[in-house]
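Spelled out, the chains give:
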Amino acid sequence: GVNSAGDLQSNACRVFRVDHVFPPESTQEDVHHKVAPLCVSCMDGYNVTIFAYGQTGSGKTYTMSGPNAKNPRENPGLAYRALRHLFELK
């Protein structure tokens, strides 16, 4: 709830909306395919955010950078794929 000062109280129920949740067996290609249209939206002038959320060890860095951030050509993560896509759209 909200108190008399308009502040959200800590016991308040919060609702979050997400567009998609990927199952654990999703590949880098699966994730990129789903978010690739956001690259087009970005080039069209829209603000775009891709938010990776999860507990420690759940694969956020792997998803965004890939398994080998020092060599992004080897199974690149979402960030590298999105950048490549942006330059292809240019």
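Residues numbered from 1 in each chain as written. Predicted model: local features only at pLDDT ≥ 70, side-chain atom pairs only at ≥ 80, totals over all residues. Heavy atoms only, no water.

(A) Region of interest: the layout of surface pockets. As a volume, the largest pocket reaches approximately 1200 Å³. Lining the largest pocket are 31 residues, with His 20, Val 21, Phe 22, Phe 51 and Ala 52 positioned closest to its centre. When residues of the lining of the largest pocket are traced back to their parent elements, those giving at least two are helix H1 (28-43) and helix H2 (60-65). Sort the elements by how many residues they give to the lining of the largest pocket and H1 lands first, with 6 residues. Grouping the constituent residues of the lining of the largest pocket by class yields 16 nonpolar, 10 polar and 5 charged. Considering only enclosed or pocket space, the second largest pocket measures out at about 160 Å³ in volume. (1 Å grid on protein atoms, 1.4 Å probe; cavity = no way out; pocket = protein on both sides within 12 Å on 5 of 7 lines; lining within 4 Å. Points joined across faces, edges and corners; volume = space filled by probe spheres on them. Helix = DSSP H or I, 4+ residues; strand = E, 2+ residues; numbered from the N terminus. Nonpolar A, V, L, I, M, F, W, Y, C, P; charged D, E, K, R; others polar.)

(B) Structural detail: the side chain of His 85. Here His 85 is to be found in helix H3 (residues 78-89). With residues up to four places along the chain from it excluded, the contact list for His 85 reads His 32, Ala 36, Cys 39 and Val 40. (Contact = heavy atoms within 4.5 Å.)

(C) A look at the state of the cysteines. Applying the stated criterion to the full structure yields 0 disulfides. Free of any disulfide, Cys 39 has its nearest cysteine sulfur in Cys 42, 7.1 Å distant. On the basis of relative accessible area, Cys 39 is assigned to the buried category, the value being 7%. Using a relative accessible area of 36% as the deciding quantity, one classes Cys 42 as partly exposed. (Disulfide = S-S within 2.5 Å. Buried < 20%, exposed > 50% of the residue type's maximum accessible area, 1.4 Å probe, protein only.)

(D) Spatial organisation of the packing of aromatic side chains. Applying the stated criterion to the full structure yields 1 aromatic pair. With 6.2 Å between their ring centres and 15 degrees between their planes, Phe 51 and Tyr 53 make a pair best called stacked. (Phe/Tyr/Trp six-rings, centres within 6.5 Å; stacked < 30°, edge-to-face > 60°.)

(E) Spatial organisation of the environment of Phe 87. Within the secondary structure, Phe 87 is located in helix H3. Exposure remark for Phe 87: the relative accessible area of 60% places this residue in the exposed category. Distance in space between the C-alpha atoms of Phe 87 and Cys 39 is 9.8 Å, their sequence separation being 48 residues.

(F) Layout of the pattern of salt bridges. Tallied over the entire structure, the rule returns 2 salt bridges. A salt bridge links Arg 81 to Glu 29, with the nearest nitrogen and oxygen atoms 3.4 Å apart. With Arg 81 in helix H3 and Glu 29 in helix H1, this residue pair connects regions lying 52 residues apart in the sequence. By relative accessible area, which is 12% here, Arg 81 ends up buried. When its relative accessible area of 44% is taken as the criterion, Glu 29 is described as partly exposed. (Salt bridge = Lys/Arg side-chain N within 4 Å of Asp/Glu carboxyl O.)

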